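Letter by letter, the chains look like this.
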Amino acid sequence: MHSPPTMSIRNIIDALRGETGFIYTAKARELSKKGFKVINFGVGQPDFPTPKHIVEEAKNALDKGFTGYTDVAGIPELRQAIADYLNERYNSDVKADEVIVTPGAKAALFLAFAAYVKPGDEVIIPDPSYYMYPEITKFLGGKPVYVPLKWMGGDKGFELDLNSIENSITSRTRAIVVNNPHNPTGAVFSQREMSKLLEIAMERNILVIVDEIYDNFVYDGDFKSFISFNNWRDYVVYANGFSKTFSMTGWRLGYLVVRKEVASKLTKLAVNIWTCATSFVQKAGVKALKNSWDSVREMIETFKRRRDVMVNELRKVSGVEVFKSKGTFYVYPNIEKVLKKMGIDVETFANRLLDEKHVVVLPGTLFSETELGKTFIRLSFALGEELIAEGIKRLREFVERL
Ligand SMILES: Cc1ncc(COP(=O)(O)O)c(C=O)c1O
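Residues numbered from 1 in each chain as written. Predicted model: local features only at pLDDT ≥ 70, side-chain atom pairs only at ≥ 80, totals over all residues. Heavy atoms only, no water.

K.L.:
Now, about the UniProt feature "domain: Aminotransferase class I/classII large" (unreviewed entry) in the protein: what can you tell me, with residues and values included?
P.N.:
When the UniProt feature table is mapped to this numbering, "domain: Aminotransferase class I/classII large" (unreviewed entry) covers residues 37-395. When the span residues 37-395 is considered, its composition is 43% helix and 15% strand, and the gap between its end C-alpha atoms is 14 Å. (UniProt positions renumbered as here; feature names shortened; annotations may be inferred. Helix = DSSP H or I, 4+ residues; strand = E, 2+ residues; numbered from the N terminus.)

So this is what it looks like as structure tokens:
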């Protein structure tokens, strides 16, 4: 008896890693159902509602019947608004026809990887990393080459290991991925690191796939956008989006910036998959870029205070070494001493903390193929200060009880 054709799905799909924190969030949901007060540091989105005027604009567009297909690359006013925003903010020279609007930054990144990574190509990925970069690389038949960040200790945090990146380049290297500000570590790589990375890419003729989705979540440090380099057009494909900055994760709106010739080619791939980003969501996107900066600033101030609370509380826990994130809404503390003392691995730590104290943290192994996952955990501070304090108190009780 043959297995039915619907079951003979390609192995490459089976091998994909799905939503990484799923087991922890599923377990958290079960515990909540049983009446436990779970504190979830696993969240990857702002806990703020989408600002009202953005919601109103989407409603207006719907009321006006703006519900048909749009241009594949997005409505002209949104492409222009994105170019204007980037140019004003980063002193760049992006043109509207270099912008492709996509259903989320993920879709933009998918276009970028699909356009350049062929079977056998190597893609250099600083580790730890956001999970989709290696997964999509493998899906396309490419090979992720992980280069661990340098862990400089609690005060200094993480740096790109530029020498190792350079030494990892082979004749098969197609691209280097850079996510800045960096999920999961909260690092903001410096202007010097970004310039040097571009220099390496230029010297070795390698593409840089840039993901700056957290570019508004910068609290300290000298953030330098890759789109502000003069010669970005030859070396950079740039992804960003609305999910985090405007608290619009479920709306699915992002964009890719690439040179014009590439943009028009990539619309051929986009039209074969999603045709266009949702029409009325694009209208809301124009409004978001034009009118939201007061609410964004307020949100970022709140996040900065939350970061301080989280870092201060974590620093009181013995054995935990924590770098004060410069960006994103995550901290990535090193708990090596705690794990040694408890004699457990980081996944057991996360599971037991959830079972016994009802606190979700994500083990670094979800983000890393190297040593930089085994002794770190990621905590999101996209929740209120009181919850943060309560959650870290429980973590401290869990760790110090022994
Ligand atoms: C580094 C990074 N890139 C991209 C995304 C996805 O963004 P979007 O919701 O726009 O697809 C996320 C979301 O968590 C992220 O952390």
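Okay, back to it.
K.L.:
Just give me the short version of the domain arrangement of the protein, but keep the residues and values in it.
P.N.:
Examined at the domain level, the protein breaks down into domain 1 (5-49 + 295-400) and domain 2 (65-291). If you average the C-alpha positions of domain 1 and of domain 2, the two centres end up 25 Å apart. Each side of the interface is counted separately: domain 1 has 41 residues, and domain 2 has 38 residues. Contact between domain 1 and domain 2 buries roughly 3,400 Å² in total, counting both sides, with carbon and sulfur atoms accounting for 62%. (Domains from an automatic or database assignment. Contact = heavy atoms within 4.5 Å. Buried area = accessible area lost by both parts, 1.4 Å probe.)

K.L.:
Residues and numbers for the layout of surface pockets, please.
P.N.:
Roughly 700 Å³ of volume is contained in the largest pocket. In terms of lining, the largest pocket is formed by 30 residues, of which the most central are Glu19, Gly44, Lys106, Tyr130 and Lys244. Elements that contribute at least two residues to the lining of the largest pocket include exactly α2 (22-33) and α5 (105-116). When residues in the lining of the largest pocket are grouped by element, the largest group, three residues, is from α5. Residues of the lining of the largest pocket, tallied by class, amount to 12 nonpolar, 12 polar and six charged. Residues lining the lining of the largest pocket come from more than one domain, with at least three contributed by each of domain 1 (5-49 + 295-400) and domain 2 (65-291). (1 Å grid on protein atoms, 1.4 Å probe; cavity = no way out; pocket = protein on both sides within 12 Å on 5 of 7 lines; lining within 4 Å. Points joined across faces, edges and corners; volume = space filled by probe spheres on them. Nonpolar A, V, L, I, M, F, W, Y, C, P; charged D, E, K, R; others polar.)

K.L.:
Any chance you could break down helix α12 (residues 293-315) for me, citing the residues and the numbers?
P.N.:
Counted at 1.5 Å a residue, the expected span for α12 with its 23 residues is 33 Å, and the 33 Å between its end C-alpha atoms agrees. On its buried face, α12 is in contact with β11 (330-331), β14 (377-380) and α16 (385-400). (Expected span 1.5 Å × (residues − 1).)

K.L.:
Help me get a handle on the site of the ligand, residues and values and all.
P.N.:
Near the ligand, the surroundings consist of 13 residues, among which Ala105, Asp211, Tyr214, Ser243 and Lys244 are the closest. Interatomic distance of 2.6 Å between a side-chain N/O atom of Asp211 and a nitrogen atom of the ligand. Between the ligand and Arg252 there is a distance of 2.7 Å, counted from an oxygen atom to a side-chain nitrogen or oxygen. For the ligand, whose accessible area on its own is 400 Å², the fraction buried by protein is 93%. (Near = heavy atom within 4 Å. Polar contact = N/O pair within 3.5 Å; in protein donor to acceptor, adjacent residues only side chain to side chain. Areas by Shrake-Rupley, 256 points an atom, 1.4 Å probe, with all protein chains shown as cover.)

K.L.:
I'd like a rundown of the pattern of salt bridges, residues and numbers included.
P.N.:
Summed over the entire model, instances satisfying the criterion amount to 30 salt bridges. Of the charged contacts in the structure, one is a salt bridge between Lys27 and Asp355, with a shortest N-O distance of 3.3 Å. With Lys27 in helix α2 and Asp355 in helix α14 (residues 346-357), this residue pair connects regions lying 328 residues apart in the sequence. The class of Asp355 is partly exposed, set by a relative accessible area of 41%. Here Glu135 and Lys138 are joined by a salt bridge, their closest N and O atoms 3.2 Å apart. Taken as a pair, Glu135 and Lys138 lie in helix α6 (residues 132-139) at a separation of three residues, close to a single helical turn. Note on Glu135: relative accessible area 5%, which makes it buried. (Salt bridge = Lys/Arg side-chain N within 4 Å of Asp/Glu carboxyl O. Buried < 20%, exposed > 50% of the residue type's maximum accessible area, 1.4 Å probe, protein only.)

K.L.:
Explain the packing of α2 against α14 residue by residue, including any values.
P.N.:
Axes are the key here: two packed helices are described by the angle between their axes and the distance separating the axes. It is at 10 Å that the axes of α2 and α14 come closest, and there the two elements cross at 15°. Relative to α14, α2 is oriented roughly parallel. With respect to the hand of their crossing, α2 and α14 are arranged in right-handed fashion. In contact with Tyr24, Lys27, Ala28 and Leu31 of α2, α14 contributes Glu347, Ala350, Asn351, Leu354 and Asp355. Looking at the contact of α2 with α14 residue by residue, the class counts come to five nonpolar, one polar and three charged. (Axes fitted to C-alpha atoms, helices over the stretch in contact; angles between N-to-C directions. Parallel < 35°, antiparallel > 145°, perpendicular 65-115°, else oblique. Left-handed = near helix turned anticlockwise from the far one by under 90°.)

K.L.:
For a nonpolar patch on the surface, give the residues involved together with the corresponding values.
P.N.:
Together, Ile9, Ile13 and Leu16 give the surface a local cluster of nonpolar side chains, amounting to about 220 Å² of exposed area. The residue Leu16 is located in the loop between α1 (11-14) and α2 in this model. Taking relative accessible area as the criterion, Leu16 reaches 32% and is therefore assigned partly exposed. (Patch = residues over 30% accessible without salt bridge, like charges linked within 9 Å, V, L, I, M, F, W, Y side chains within 5 Å.)

K.L.:
Tell me about the packing of helix α4 (residues 76-90) against helix α11 (residues 279-291), and name the residues and values.
P.N.:
Viewed as axis vectors pointing N to C, α4 and α11 meet at an angle of 25°, and their least axial separation amounts to 9 Å. In this view, α4 runs roughly parallel relative to α11, as classed from their interaxial angle. Here the hand of the crossing between α4 and α11 comes out left-handed. On the side of α4, the interface is formed by Glu77, Leu78, Ala81, Ile82 and Tyr85, while α11 contributes Gln282, Lys283, Gly285, Val286, Leu289 and Lys290. Residue classes in the contact of α4 with α11 are distributed as six nonpolar, two polar and three charged.

K.L.:
Give a detailed account of the packing of aromatic side chains, specifying residues and quantitative values.
P.N.:
Tallying each qualifying case throughout the model produces 26 aromatic pairs. Ring geometry for Phe242 versus Tyr255: centroids 6.1 Å apart, planes at 75°, classification edge-to-face. One end of the pair, Phe242, is in the loop between β9 (236-241) and β10 (254-257); the other, Tyr255, is in strand β10, with 13 residues separating them in the sequence. On the basis of relative accessibility, which here comes to 1%, the residue Phe242 falls in the buried class. An aromatic cluster of at least three residues, connected via ring pairs, comprises Phe48, Tyr214, Phe217, Tyr219, Phe303, Phe329, Tyr330 and Phe381. Of note, Arg306 hangs over the ring of Phe303, and the distance from its end group to the ring centre comes to 5.0 Å. The residue whose ring lies beneath Arg378 is Tyr330, and the NZ or CZ to ring-centre distance is 3.8 Å. (Phe/Tyr/Trp six-rings, centres within 6.5 Å; stacked < 30°, edge-to-face > 60°. Lys NZ or Arg CZ within 6 Å of the ring centre and 35° of its normal.)

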